[in-house]
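Letter by letter, the chains look like this.
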Amino acid sequence: MNDHKTVMVIPALNEEKTIASVIANVKEYVETVVVVDDGSTDNTACYAKQQGAVVLSHDENHGYDKSIDDGFNLGAQLGATILITFDADGQHHPEDIPMMLKPIITGEADVVVGKRPSHARITEYLFALIGKLKANIEDPLCGLKAYSIEVYNDVGHFDSIKSIGTQLMFEASKRGYRMAQRDITLNSRHDEPRFGTRLIANWKILKAIMKILVAC
Ligand SMILES: Nc1nc2c(ncn2[C@@H]2O[C@H](COP(=O)(O)OP(=O)(O)OP(=O)(O)O)[C@@H](O)[C@H]2O)c(=O)[nH]1
Ligand SMILES: [Mg+2]
């Protein structure tokens, strides 16, 4: 029997084109969907509410990591036993969700990290190498990751260093939690990445790598 309560946290910045269909398609796989609307200037929050998501709205942009941090905090308060992140841009496939949850449900793993078919940016290859060496995870920047609530409660936060969604995973591995990886499928994005231009995104990733090397 599955006694788990899965709360999905979707960080979203100006994703009005995709947020409604993403929520509609993930609903059947999780108990609660939390959308963290991070100062969007479009209809992201409104469309997310219409689809029945719990919406946390920031008045201004607090960033990807702070958004998921707030979403996980709320998820824990709502009684989640599993927390899972998912992108708002329609790149992830909802059908991959059960595969991501299963190792936690069966007790085989505490953290499950998706592995995308390829990396979009050059610095992602370096992060992949560090992920492999430190945690046996080949795609630490993948936005589709699931965590047991025990891991989150033990570490006490999702992120404290702007690690682009990687600190909880690395910290869990360091503490001896069992890690699992699953190959996921990916659609291409139809507009601009929200992390900024190629140069800015690569710089953010390099900074995140340095912070992870110091912290974990
Ligand atoms: N809350 C919040 N979400 C963000 C922020 N930046 C990006 N996101 C969300 O994080 C998810 C991933 O962002 P993307 O820009 O798609 O990053 P990516 O998938 O690595 O890049 P692409 O492959 O170009 O799509 C999406 O759901 C974005 O809306 C932010 O500052 N705050
Ligand atoms: Mg994307």
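The structure reproduced in this document is the subject of the present report. (Residues numbered from 1 in each chain as written. Chains lettered and ligands numbered in written order. Predicted model: local features only at pLDDT ≥ 70, side-chain atom pairs only at ≥ 80, totals over all residues.)

### Description of the overall build of the chain
Phase 1: Within the chain, the secondary structure is distributed over eight helices and seven strands.
Phase 2: Its C-alpha radius of gyration of 16 Å places the chain within 12% of the 17 Å reference for a compact globule of 216 residues.
Phase 3: Projected onto the principal axes, the alpha-carbon positions of the chain cover approximately 45 × 45 × 30 Å.
Phase 4: A total of 216 residues make up the chain; the buried ones form 46% of that total.
Phase 5: Put simply, 74% of the contacts in the chain that link residues at least 6 apart link residues at least 24 apart. (Helix = DSSP H or I, 4+ residues; strand = E, 2+ residues; numbered from the N terminus. Rg over C-alpha atoms; globule rule 2.2 N^0.38 Å. Buried ≥ 20, exposed ≤ 12 C-beta atoms within 10 Å, placed from the backbone. Contact = placed C-beta atoms within 7 Å.)

### Focus: helix α7 (residues 167-174)
Phase 1: With seven of eight residues buried, α7 lies mostly within the body of the structure.
Phase 2: Every buried residue belonging to α7 is among Gln167, Leu168, Met169, Phe170, Glu171, Ala172 and Ser173, and all of these are buried.
Phase 3: Glycine 176 sits one or two residues past α7 and shows a positive phi near 90 degrees.

### Remarks on the packing of helix α5 (residues 122-135) against helix α8 (residues 198-215)
Phase 1: Packing of α5 against α8 brings their axes to within 9 Å, and their N-to-C directions diverge by 15 degrees. Taken as axis vectors, α5 and α8 run roughly parallel relative to one another. Taken as a pair, α5 and α8 cross one another with a handedness that is left-handed. Residues Ile122, Thr123, Glu124, Leu126, Phe127 and Ile130 of α5 pack against Asn202, Ile205, Leu206, Ile209 and Ile212 of α8.
Phase 2: Within the contact of α5 with α8, the residues separate by chemical class into eight nonpolar, two polar and one charged. (Axes fitted to C-alpha atoms, helices over the stretch in contact; angles between N-to-C directions. Parallel < 35°, antiparallel > 145°, perpendicular 65-115°, else oblique. Left-handed = near helix turned anticlockwise from the far one by under 90°. Nonpolar A, V, L, I, M, F, W, Y, C, P; charged D, E, K, R; others polar.)

### A closer look at α8
Each turn of an α-helix holds 3.6 residues, which means side chains three or four residues apart point in the same direction.
Phase 1: Given a rise of 1.5 Å per residue, 18 residues ought to cover 26 Å, and the 25 Å separating the end C-alpha atoms of α8 matches this to within 8%.
Phase 2: Within α8 the residues assigned to the buried category are Ile205, Ala208, Ile209 and Ile212. Around the axis of α8, the buried residues are gathered within 105 degrees of arc, so they sit on the same side. Set apart from the buried face of α8 by more than 90 degrees, the exposed residues are Leu199, Ile200, Met210 and Val214.
Phase 3: Turning to α8, the residues buried within the fold contact α5 and α7. (Expected span 1.5 Å × (residues − 1). Arc of directions from axis to C-beta.)

### A short note on the pairing of strand β1 (residues 6-12)
Phase 1: Counting buried residues along β1, seven of its seven residues qualify, which places the element largely inside the surrounding structure.
Phase 2: Neither face of β1 is open: one carries Thr6, Met8, Ile10 and Ala12, the other Val7, Val9 and Pro11, and all of them are buried.
Phase 3: Of the pairings in the sheet, the one linking β1 to strand β4 (residues 82-85) comprises four bridges and is parallel in character. Residue pairing in the sheet places valine 7 in a bridge with leucine 83 of β4.
Phase 4: Here β1 runs beside strand β2 (residues 32-38); their pairing, made up of six bridges, is parallel. Each residue of the ladder has a partner; that of valine 9, found in β2, is valine 34. (Pairing = 2+ DSSP bridges.)

### Regarding the site of ligand 1
Phase 1: Around ligand 1, the structure places 20 residues, and the nearest of them are Pro11, Asp38, Ser67, Ala88 and Pro193.
Phase 2: Of the residues in the shell around ligand 1, the class split is nine nonpolar, five polar and six charged. (Near = placed C-beta within 6 Å.)

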